[in-house]
Amino acid sequence: MRPNPRKRPHRSRLVLAGLATLAMAAASLATALNAGAAVPPPPSGWTTVFSDDFTGAAGTGVNTGNWLYDLGHGYAGGAGNWGTGEVESMTNSTQNVYQDGSGHLVIKPVRDGSGNWTSGRIETQRTDFAAPAGGKLRIEASIQQPNVSGAAALGYWPAFWALGAAARPVGATNWPGIGEWDVMEDINGLSSEFGTLHCGVSPGGPCNETTGIGSGQRACGGCQTGYHTYALEYDRSVSPEQLRWYLDGNNFFTVNANQVDATTWNNATHHGFFIILNVAIGGGFPGAFGGGPTGSTASGVPMNVDYVAVYTSGGGSTPPPTASATPTGGGTGGVNAYATIQAESANAQSGTQTEATTDTGGGQDVGFIANGDWLQFNNVNFGSTAARQFNGRVASGAAGGVSGLVEVRLDSRSNSPIGSFAVGNTGGWQSWRTVPANVSAVTGTHTVYITFTSGQPADFVNLNWLSFGH
């Protein structure tokens with residue numbers, strides 16, 4: 001994904017005083033000089049929602065239940081050279097991406113005899129990493145940057161970052177509005193770190209694109225010779241909300257929500273994200289710091305990743321679906337928004353079919369869902385206390401690169417979605433997963449439309465049930 005021209009001939013030098021999250025800093029997340037450390041347990045009050053310790057056998061690829069490979073020079077339908085001018089072709093070859101048998105992921109750029117570069121870029125299958133309303137999200141990894149410097153490092157661009165879920169179905173052509181969080185970037189073997197938020201419109205706009213709102217270059221001593229912990233926290237428990245960047249538990253950069261307008265901030269934060277790890281070669285960002293690659297650039301110097309973890313804390317939780325739930329704040333009649341709403345109970349539909357499901361509870365799901373299909377549910381009662389979350393129980397056996405959006409609309413299919421999440425292959429058409437999403441505050445009784453949008457015509461999802469929460 002490195003989407004449409006995102007990187008930077010110039011970086012902003014914004015430096016803000018940050019507020020450390022002491023509990024997480026103490027638990028974490030100190031420098032991991034020794035390889036193969038286990039994923040840290042969550043500190044008190046936090047929950048681990050995703051992790052990968054890369055414990056596969058030596059020379060094996062990544063766990064494709066957790067990760068998918070990006071291939072070539074860009075997304076289908078997206079910008080060439082990943083929108084940044086980088087020159088490598090991304091592969092799923094174990095020459096470029098593999099586990100080393102000692103608890104690490106290795107991403108290695110390689111130049112062939114003709115001067116062509118290949119490298120690796122993987123992203124999480126899940127796109128639902130989000131901070132709960134009133135809570136916090138932490139994305140973290142222990143990484144050793146490529147151990148290369150000087151002329152041999154020109155063009156190297158390792159990165160650990162996240163993109164808004166809505167980027168996936170459309171080849172990131174909606175960048176930067178859907179949000180990009182660069183947790184760690186280094187270029188040209190400078191043993192430094194850049195942290196950046198991308199948002200708004202490009203070029204220019206409230207986030208100064210294609211530069212973004214960034215930390216500028218920060219020294220990262222020893223980051224090429226040992227493992228260090230890089231993390232980003234999105235905190236919705238404070239006002240204004242904050243994004244905070246950490247190196248080995250130390251908060252070195254903070255962006256506050258009031259630095260941009262509310263719409264720009266919400267569009268860049270109030271939804272799910274997926275995580276990306278890659279090593280690019282060349283492009284605008286290395287070019288701004290000396291250029292490359294050149295004939296002197298070394299081939300085969302890897303970025304090593306010890307673990308990746310995602311934690312959440314606090315906030316309102318979505319209650320498990322229950323048939324006895326009552327809309328909070330009163331209101332009677334209609335369909336209870338906070339109970340399990342079976343997909344096959346839709347009052348109207350277009351393009352879908354029902355089928356038997358092997359999901360817990362049995363019954364039927366709605367399947368064969370593709371771009372433009374929809375389901376309609378009449379008289380859904382949200383009560384007088386606003387719903388702010390949506391859950392969809394989904395499964396997908398879609399081919400690689402096939403994905404789409406599950407959207408919620410009220411009262412008319414032509415109205416804008418009040419929330420959505422992206423979904424791709426979950427491991428099979430009966431491999432079920434509950435995916436949460438934030439929605440705009442909803443009260444009262446409405447006709448609810450679940451609409452399905454994709455950048456391609458193939459079926460991309462099955463839906464078993466849906467529910468809402470506060």
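Preceding this paragraph is the structure being described.
Since the structure is predicted, the reported quantities are computational estimates derived from the model, not experimental observations.

A. Molecular detail of the environment of V183. Residue position: V183 is located in strand β11 (residues 180-185). Along the chain, V183 and L232 lie 49 residues apart, while their C-alpha atoms are 5.9 Å from each other. If we ignore the near neighbours within four places in the chain, the residues touching V183 are F160, W161, E193, F194, G195, Y230, A231, L232 and W245.

B. Fine view of the state of the cysteines. Inspection of every chain in the model, using the stated rule, returns two disulfides. There is a disulfide in this structure between C199 and C207, and the S-S distance comes to 1.9 Å. The sign of the -105° torsion about the S-S bond sets the C199-C207 disulfide as left-handed. Like C207, C199 is buried. Across the disulfide, C220 is cross-linked to C223 (sulfur-sulfur distance 1.8 Å). Note on the C220 and C223 pair: the S-S dihedral is about -65°, so by sign convention the disulfide is left-handed. Since its relative accessible area comes to 1%, C220 is described here as buried.

C. Focus on the pairing of strand β19 (residues 303-314). When you tally the buried positions in β19, you get eleven out of twelve residues, the bulk of the element. Here six bridges tie strand β1 (residues 46-52) to β19, and the two strands are oriented antiparallel to one another. Within β19, the residue paired with W46 across the bridge is S313. As paired elements, strand β5 (residues 105-107) and β19 share three bridges and run antiparallel to each other. Bridging from a neighbouring strand, I107 pairs with M303 of β19. Note: strand β9 (residues 135-144) against β19, ten bridges, orientation antiparallel. If you follow L137 over to β19, its bridge partner there is T312.

D. Seen up close, the packing of aromatic side chains. On inspection of all chains with the given rule, the structure shows 17 aromatic pairs. With a centroid separation of 5.7 Å and an interplanar angle of 80°, the aromatic rings of F285 and F289 are classed as edge-to-face. Residue classification places F285 among the buried residues on the basis of a relative accessible area of 0%. An angle of 25° between the planes, with centres 6.0 Å apart, marks the rings of F390 and F421 as stacked. Residue F390 is located in strand β26 (residues 387-396), and its partner F421 is located in strand β28 (residues 419-423); the two are separated by 31 residues in the primary sequence. For the pair F390 and F421, a shared accessibility class is recorded, and that class is buried. Taken together, the aromatic side chains of F50, F54, W67 and F129 make up a single cluster linked through ring pairs. Just above the ring of W82 sits the side chain of R121; from NZ or CZ to the centre is 4.1 Å. Geometry around W374 places R413 over its ring, the cationic atom sitting 4.0 Å from the centre.

E. Looking closely at the sheet that holds strand β7 (residues 117-119). Read across the sheet, three strands follow the order β3-β7-β6 without closing on themselves; strand pairing throughout is mixed. Where the open sheet ends on each side, the last strands, each with one partner, are β3 (89-90) and β6 (110-111). Two strands pair when backbone bridges link them, and β6 and β7 are joined in this way by two bridges, in the antiparallel orientation. Looking across to β7, one finds that R111 is bridged to W117.

F. Broad picture of helix α2 (residues 262-269). Of all the positions in α2, only T264, W265, A268 and T269 are classed as buried. Seen end-on, α2 carries its buried residues on one side only, within an arc spanning 105°. Exposed side of α2, more than 90 degrees from the buried face: A262 and T263 are the residues found there. Buried residues along α2 sit in contact with β11, β12 (192-198), β15 (228-235), β16 (242-247), β17 (250-256) and β18 (273-281). Where α2 begins, the side chain of D261 points an oxygen toward the backbone nitrogen of T263, at a separation of 3.2 Å.

G. Representation of empty space enclosed by the protein. Per the counting criterion, the structure on display carries three cavities of 30 Å³ or more. Computed from the structure, the largest cavity encloses a volume of approximately 70 Å³. In this structure, the largest cavity is lined by Q125, R126, T127, D128, R168, A422, V423, G424, T426, R433 and V435. Secondary-structure elements contributing two or more residues to the lining of the largest cavity are β28 and β29 (428-442).

H. Examining the nonpolar core more closely. F160 and L277 are the most contacted members of the largest nonpolar core, which has 53 residues in total. Here this core takes five residues from β18, the largest share from any one element. Judged by nonpolar contacts, the second largest core, of 33 residues, contains V366, F377, V406 and F468.

I. Quick look at the side chain of T254. Locating T254 in the fold gives a position in strand β17. Residue T254 is classed as buried on the basis of its relative accessible area, which comes to 0%. A distance of 3.4 Å separates polar atoms of two side chains, one belonging to T254 and the other to N251.

Rules used in this analysis
Residues numbered from 1 in each chain as written. Predicted model: local features only at pLDDT ≥ 70, side-chain atom pairs only at ≥ 80, totals over all residues. Heavy atoms only, no water. Helix = DSSP H or I, 4+ residues; strand = E, 2+ residues; numbered from the N terminus. Contact = heavy atoms within 4.5 Å. Disulfide = S-S within 2.5 Å. Buried < 20%, exposed > 50% of the residue type's maximum accessible area, 1.4 Å probe, protein only. Pairing = 2+ DSSP bridges. Phe/Tyr/Trp six-rings, centres within 6.5 Å; stacked < 30°, edge-to-face > 60°. Lys NZ or Arg CZ within 6 Å of the ring centre and 35° of its normal. Arc of directions from axis to C-beta. Polar contact = N/O pair within 3.5 Å; in protein donor to acceptor, adjacent residues only side chain to side chain. 1 Å grid on protein atoms, 1.4 Å probe; cavity = no way out; pocket = protein on both sides within 12 Å on 5 of 7 lines; lining within 4 Å. Points joined across faces, edges and corners; volume = space filled by probe spheres on them. Core = buried A, V, L, I, M, F, W, Y, C linked by side-chain atoms within 4.5 Å.

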